[in-house]
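Here is what each chain is made of, one letter per residue.
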Amino acid sequence: RDDSGHLISSTSELVLAGYAKNHEIVRKLLQHREYATRLKMFGPEYLKWVHPITGRIHGQLFPFTGAGRYAMRAPNLLQLPRDKAYRKCFSAKPGRKLVIADYSQVELRGMAQLSKDAALISAYKEGRDVHKQTAEVVTGVKLDTVSKERAKELRQLAKAVNFGLIYSLGAAKFVLYAQASYGVTVTQKEAERIIEKYFQTYKGVKAWQESVFKHVKPTGVTYTALGRRRYLDPRMNHGSFLNTPDQGSCADGLKITLPLLMNVLDTKYAGRAEFVLAVHDEIILEADDDPELLRELLHDLEQCMVAG
């Protein structure tokens, strides 16, 4: 039963996440489920994917799913936990280094472009930390006035807010999203207040979302910036009509970048640097551990990403 004595209808994550803020036992249960899922997906059984000849993992990559991002299976290397302990399990060959670059906050920047939101655009033009700005907007706390640990927690909340609300998550789904994706616990009432404060500041984002639902959704067709179309059922009240123009456009940009990069790797580096994986907005290469080569490779990687 909950605090009011009512029977809890379900022990699903969506229901329990609403109680995690005020009940340690619920937080521990959700944490246990997360650990159990990670053990099942990334525990000893994961070693079966290591190829007996190469000693590497070779997943199956699919170029177009949903909004247009890559998808992967057998195994899915695109959804490894953010925890450093998991990431450290993957390393370059002896004598080589992993070279990693990503598009910083690419979907937020895409939303700034799509919505013409004044608060987002000014933050990026002036080089401000958008997550810090959002944290202060939705909590009313100046991050410079609290401890580093507290500021880190609030910034983590802001990431959930920024990446969840641009695709119009409601309060109930935001509670689950924040818990599952960022380890942040909020109640549904807190989520409702957060959403209200967010859209009081980012009015352009709200106006763009309303315009999409009013003018684009009824047609059942949505487009990326390059004109790639996606057909959706207009009867469904889902965020794909918002997701495709932003996330889909970012995915298109990555797919333009990769052929440019592959050409540079083949013609200029000839085995001294190789492509490993593209994880949505991140590109991972492996290269010989030569300082001069690594500097040049980073420069070429950046140039390809900018050109794409």
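Residues numbered from 1 in each chain as written. Predicted model: local features only at pLDDT ≥ 70, side-chain atom pairs only at ≥ 80, totals over all residues. Heavy atoms only, no water.

Asks: I'm lost on the packing of helix H6 (residues 130-139) against helix H9 (residues 188-201) in this one. Help?
Replies: When two helices pack together, their arrangement is given by the angle between the helix axes and by the axis-to-axis distance. It is at 8 Å that the axes of H6 and H9 come closest, and there the two elements cross at 120 degrees. The angle between H6 and H9 falls in the class oblique. At the point where H6 passes H9, the crossing takes the right-handed sense. Of the residues in H9, those in contact with Thr-134, Val-137 and Val-138 of H6 are Ile-194, Lys-197, Tyr-198 and Thr-201. Within the contact of H6 with H9, the residues separate by chemical class into 4 nonpolar, 2 polar and 1 charged. (Axes fitted to C-alpha atoms, helices over the stretch in contact; angles between N-to-C directions. Helix = DSSP H or I, 4+ residues; strand = E, 2+ residues; numbered from the N terminus. Parallel < 35°, antiparallel > 145°, perpendicular 65-115°, else oblique. Left-handed = near helix turned anticlockwise from the far one by under 90°. Contact = heavy atoms within 4.5 Å. Nonpolar A, V, L, I, M, F, W, Y, C, P; charged D, E, K, R; others polar.)

Asks: What should I look at first to understand a nonpolar patch on the surface in this one?
Replies: Together, Leu-98, Ile-100 and Val-276 line one region of the surface with nonpolar side chains, adding up to about 230 Å² of accessible area. Along the polypeptide, Val-276 turns up in strand S6 (residues 273-279). Take Val-276: its relative accessible area is 36%, and that puts it in the partly exposed class. (Patch = residues over 30% accessible without salt bridge, like charges linked within 9 Å, V, L, I, M, F, W, Y side chains within 5 Å. Areas by Shrake-Rupley, 256 points an atom, 1.4 Å probe, with all protein chains shown as cover. Salt bridge = Lys/Arg side-chain N within 4 Å of Asp/Glu carboxyl O. Buried < 20%, exposed > 50% of the residue type's maximum accessible area, 1.4 Å probe, protein only.)

Asks: Just checking my understanding: could you explain the pairing of strand S1 (residues 60-65) for this structure?
Replies: Each regular strand displays side chains that alternate between the two surfaces of the sheet. Note: S1 against strand S2 (residues 69-73), 4 bridges, orientation antiparallel. Counted as the bridge partner of Leu-61 is Met-72 from S2. Following S1, the chain reverses through 3 residues before pairing antiparallel with S2; Gly-66 in that reversal takes a positive phi of roughly 55 degrees. (Pairing = 2+ DSSP bridges.)

Asks: Would you mind showing me how to read the nonpolar core here?
Replies: By size, the foremost hydrophobic cluster in this structure holds 35 residues, and its most contacted members are Leu-120, Val-161, Phe-174, Val-186 and Tyr-198. Mapped by element, the contributors of at least two residues to this core are helix H4 (106-115), helix H5 (118-125), H6, helix H7 (148-165), helix H8 (171-182), H9, helix H10 (203-216) and helix H11 (240-269). Listed in part, the 28 residues of the second largest apolar core include Ala-273, Ala-287, Leu-297 and Cys-304. (Core = buried A, V, L, I, M, F, W, Y, C linked by side-chain atoms within 4.5 Å.)

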